Amino acid sequence: MEATAKLRSVRITPQKARRVVNLIRGKQAAEAMAILKFAPQQASEPVFKLVQAAVANAKVKAEKSNTFLNEDDLFVSQAFVDEGTTLKRFMPRAQGRAFQILKRTSHITIVVATPDELVAKAAKKTAKKGGN
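So, a few notes on the structure that sits alongside this text. All figures in this text were calculated on a predicted structure; none of them were measured in a lab.

About the thresholds
Residues numbered from 1 in each chain as written. Predicted model: local features only at pLDDT ≥ 70, side-chain atom pairs only at ≥ 80, totals over all residues. Heavy atoms only, no water. Helix = DSSP H or I, 4+ residues; strand = E, 2+ residues; numbered from the N terminus. Rg over C-alpha atoms; globule rule 2.2 N^0.38 Å. Buried < 20%, exposed > 50% of the residue type's maximum accessible area, 1.4 Å probe, protein only. Contact = heavy atoms within 4.5 Å. Areas by Shrake-Rupley, 256 points an atom, 1.4 Å probe, with all protein chains shown as cover. Lys, Arg positive; Asp, Glu negative; His and termini not counted. Charge placed at Lys NZ, Arg CZ, Asp CG, Glu CD. Pairing = 2+ DSSP bridges. Arc of directions from axis to C-beta. Axes fitted to C-alpha atoms, helices over the stretch in contact; angles between N-to-C directions. Core = buried A, V, L, I, M, F, W, Y, C linked by side-chain atoms within 4.5 Å.

1. Let's talk about the overall build of the protein
And step 1. Of the regular secondary structure elements, the protein holds four helices and three strands.
And step 2. Helices and strands in the protein line up, N terminus first, as β-α-α-α-β-β-α.
And step 3. The C-alpha atoms of the protein give a radius of gyration of 19 Å, which is well past the 14 Å a tight globule of 132 residues would have.
And step 4. Each principal axis of the C-alpha atoms in the protein carries an extent, and together these give about 65 × 40 × 25 Å.
And step 5. Across the 132 residues that make up the protein, the buried fraction comes to 32%.
And step 6. Within the protein, contacts between residues at least 6 apart in sequence are counted, and of these 72% link residues at least 24 apart.
And step 7. Accessible surface, the protein as shown: approximately 8,900 Å² in total, 53% of it carbon and sulfur.
And step 8. Between the centroid of the 24 positive side chains of the protein and the centroid of its 11 negative side chains there is a distance of 15 Å.

2. Side note on the pairing of strand 3 (residues 98-113)
And step 1. One ladder, built from seven bridges, connects strand 1 (residues 2-10) with strand 3; its direction is antiparallel. Residue Val10 lies in a different strand from strand 3, and its bridge partner there is Ser106.
And step 2. Here strand 2 (residues 75-92) runs beside strand 3; their pairing, made up of 15 bridges, is antiparallel. Along strand 3, the bridge assignment pairs Pro92 with Ala98.

3. Observations regarding unusual backbone geometry
Excluding glycine, a negative phi dihedral is what most residues carry, and trans is how most peptide bonds are arranged.
And step 1. Residues other than glycine seldom take positive phi values, yet Ser9 does so here, at roughly 55 degrees.
And step 2. For Ser9, a relative accessible area of 43% corresponds to the partly exposed category.
And step 3. For Asn66, which is not glycine, the phi dihedral falls at a positive 55 degrees.
And step 4. Here Asn66 is to be found in the loop between helix 3 (44-64) and strand 2.

4. Thoughts on helix 2 (residues 29-37)
And step 1. Regarding helix 2, the residues found buried are Ala29, Ala32, Met33 and Leu36. Looking straight down helix 2, one finds that the buried residues subtend no more than 100 degrees of arc, so they occupy a single side.

5. So, the sheet that holds strand 2
And step 1. Pairing is antiparallel across the open sheet formed by three strands, whose spatial order is 1-3-2. The open sheet has two free edges, formed respectively by strand 1 and strand 2, since each of these has just one partner strand. Taken over all neighbouring pairs, the strand axes of this sheet differ in orientation by 10 degrees on average, direction set aside.
And step 2. Against the sheet, helix 1 (residues 14-24) makes contact with strand 2 and strand 3, and its axis sits at roughly 165 degrees relative to strand 2, the strand it touches most.

6. Some words on the nonpolar core
And step 1. Ranked by size, the top nonpolar core spans 29 residues in total, and within it Ile24, Leu36, Val47, Leu74, Ile108, Ile110 and Val112 carry the most contacts.
And step 2. Within the residue set of this core, elements represented by two or more residues are strand 1, helix 1, helix 2, helix 3, strand 2 and strand 3.
And step 3. Here the element with the most residues in this core is helix 3; it accounts for eight residues.
And step 4. Look past the residues within four positions of Leu74 in its chain and what remains in contact with it is Gln28, Ala29, Val55, Ala58, Leu69, Val112, Ala113 and Thr114.

This is the structure we're talking about:
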């Protein structure tokens, strides 16, 4: 079972968001949420909510397909941050000049999966290489 959650145009710079996302990549979902809950960075709160949303999406997906899903088996298989739109603002400076301020935004994506999903992808990839 694989589920995705996306957060678009969040007002955090991608560089700062990537620092937080790198902490949880590859970890179990419960462990990732525990790490994010106590992380001091500002970006940890929206990423925490995003991991929760991904787990909830996995539950809904499992219910729809009538399969059993153990939340403890879920882990963060993919987590990445892309750059969103940049808001351009101007600040007045001395002698009538204006300096540009760039307020960057981020698109954050979290994918949670079960270990059997990872094994199935690996088997599919090896079969594809063998077929060529």
